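Residues per chain, in single letters:
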Amino acid sequence: MGTEREGSYHVSSSFRTQIGHSELEEEETQCDPSLPYNPEFFQGITDAVLSLYPKRCPHCDIVLTSRVSTRPHVIRCSRCHHMASRLAATPLENMRVPQWMFGWCVRESVVLHPRVLTAVHIQRSLGLNAKAAYRMKRRVQLLASDQMVRVKTLIRNELEKSFRDYRLPPEGTDLTAIRK
Ligand SMILES: [Zn+2]
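If you're wondering where the values come from, they're calculated on a predicted model, not measured in any experiment.

On to the environment of Leu35. Relative to the assigned elements, Leu35 resides in the loop between α1 (14–19) and α2 (39–50). Separated by 92 residues in sequence, Leu35 and Gly127 place their C-alpha atoms 8.2 Å apart.

So, about the sheet that holds strand β2 (residues 71–76). Sheet strands pair by backbone hydrogen bonding; their relative direction is either parallel or antiparallel. Within the open sheet, the three strands sit side by side as β1-β2-β3. Their pairing is antiparallel. Across the chains shown, the open sheet's two edge strands, defined by having one partner strand only, are β1 (66–68) and β3 (83–85). The sheet shows a mean angle of 40 degrees between the axes of neighbouring strands, direction not considered. Pairing of β2 with β3, which is carried by three bridges, proceeds in the antiparallel orientation. Bridging across to β3, Ile75 finds its partner in Ala84.

Bringing the packing of helix α4 (residues 119–126) against helix α5 (residues 130–146) into the picture now. One can describe the packing of α4 onto α5 by two numbers: an axis separation of 8 Å at closest approach and a directional angle of 120 degrees. Regarding the angle of α4 to α5, the classification is oblique. Crossing geometry of α4 relative to α5 is assigned as right-handed. Contact with α4, carried on its side by Ala119, Ile122 and Gln123, involves Ala130, Ala133, Tyr134, Met136 and Lys137 of α5 and no other residues of that element. Looking at the contact of α4 with α5 residue by residue, the class counts come to six nonpolar, one polar and one charged.

So, how was this worked out
Residues numbered from 1 in each chain as written. Predicted model: local features only at pLDDT ≥ 70, side-chain atom pairs only at ≥ 80, totals over all residues. Helix = DSSP H or I, 4+ residues; strand = E, 2+ residues; numbered from the N terminus. Pairing = 2+ DSSP bridges. Axes fitted to C-alpha atoms, helices over the stretch in contact; angles between N-to-C directions. Parallel < 35°, antiparallel > 145°, perpendicular 65-115°, else oblique. Left-handed = near helix turned anticlockwise from the far one by under 90°. Contact = placed C-beta atoms within 7 Å. Nonpolar A, V, L, I, M, F, W, Y, C, P; charged D, E, K, R; others polar.

As structure tokens, then:
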């Protein structure tokens, strides 16, 4: 592994590779103000996703929590003001489109399920170019595969809450008698 220039926190290069582009390729995309979506709502979803990838301060060893209002990609240490990228080493790595658009894609893929979120649908809905839309789709896929274990745990906990007093019979039990 090479030395990262921002070296103060661990940067996984795997997301970058999997998204399939270098940092220079992705251009800043301006948000079309006529889009019929509530950016604040979808930013909340993006923030929730990013919270699955907490960044720690290398000096104070605490989770970075302070935001910089003028720099949405930056997160800062509340104690020593060390700064790091919120998107590095996450499926949103190097993303240049407005962050809320990722939240929109995540929610849209949940709403559409079992139908699939297509790049064309993203392109038309968010007014992105084809390449940017394809990358957004890819990022959602990466999040899904990366977080599958955690998502499964969430679902299991939810089920345990709902069926607290119900116990499944031991594995291998013949269920035909119970099913009547
Ligand atoms: Zn610090």
